[in-house]
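# Descriptive analysis of the structure
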Amino acid sequence: MTITKAEIFSQLQMTLHDTFEIEPEKITLEARLLDDLEIDSIDAIDLLVQLKPMLGKRKIDPSYFYKMRTVGDVVNGLYDLLSQPE
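Residues numbered from 1 in each chain as written. Predicted model: local features only at pLDDT ≥ 70, side-chain atom pairs only at ≥ 80, totals over all residues. Heavy atoms only, no water.

## As for unusual backbone geometry
The backbone of Glu21 sits at a positive phi, close to 55 degrees, despite the residue not being glycine. Position of Glu21 among the secondary structure elements: in the loop between helix H1 (5-20) and helix H2 (41-55). Note on Glu21: relative accessible area 68%, which makes it exposed. One non-glycine residue, Glu38, lies in the positive phi region at around 60 degrees. With respect to the helices and strands, Glu38 occurs in the loop between H1 and H2. (Helix = DSSP H or I, 4+ residues; strand = E, 2+ residues; numbered from the N terminus. Buried < 20%, exposed > 50% of the residue type's maximum accessible area, 1.4 Å probe, protein only.)

## Here we look at H1
With 16 residues, H1 should cover 22 Å at 1.5 Å per step; its first-to-last C-alpha distance of 21 Å lies within 8% of that length. Ile8, Leu12, Thr15 and Leu16 are the residues of H1 that are buried. For H1, the buried positions fall inside an angular range of 100 degrees around the axis, keeping them on one side. Relative to its buried face, H1 has exposed residues pointing more than 90 degrees away, namely Ala6 and Asp18. (Expected span 1.5 Å × (residues − 1). Arc of directions from axis to C-beta.)

Here it is, written out as structure tokens:
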């Protein structure tokens with residue numbers, strides 16, 4: 001099954017809201033993780049833990065996400081990871 005970027009964004013939006021109590025309307029593809037959503041590096045690790053079920057058996061190197069600055073960057077990164085075989 002192939003997941004779309006829209007589905008990833010929806011899951012990410014729900015996870016950010018549920019985990020960090022961020023209002024869904026603030027979570028856009030252009031929203032900057034640190035500046036707009038106040039997601040720091042510790043929060044980013046928590047976010048990865050929450051998203052792990054979506055990734056199945058794929059391993060995530062946390063440093064992969066260090067360069068990501070926006071929600072859109074995360075969506076694209078997850079899409080790339082999910083496009084790889086497990």
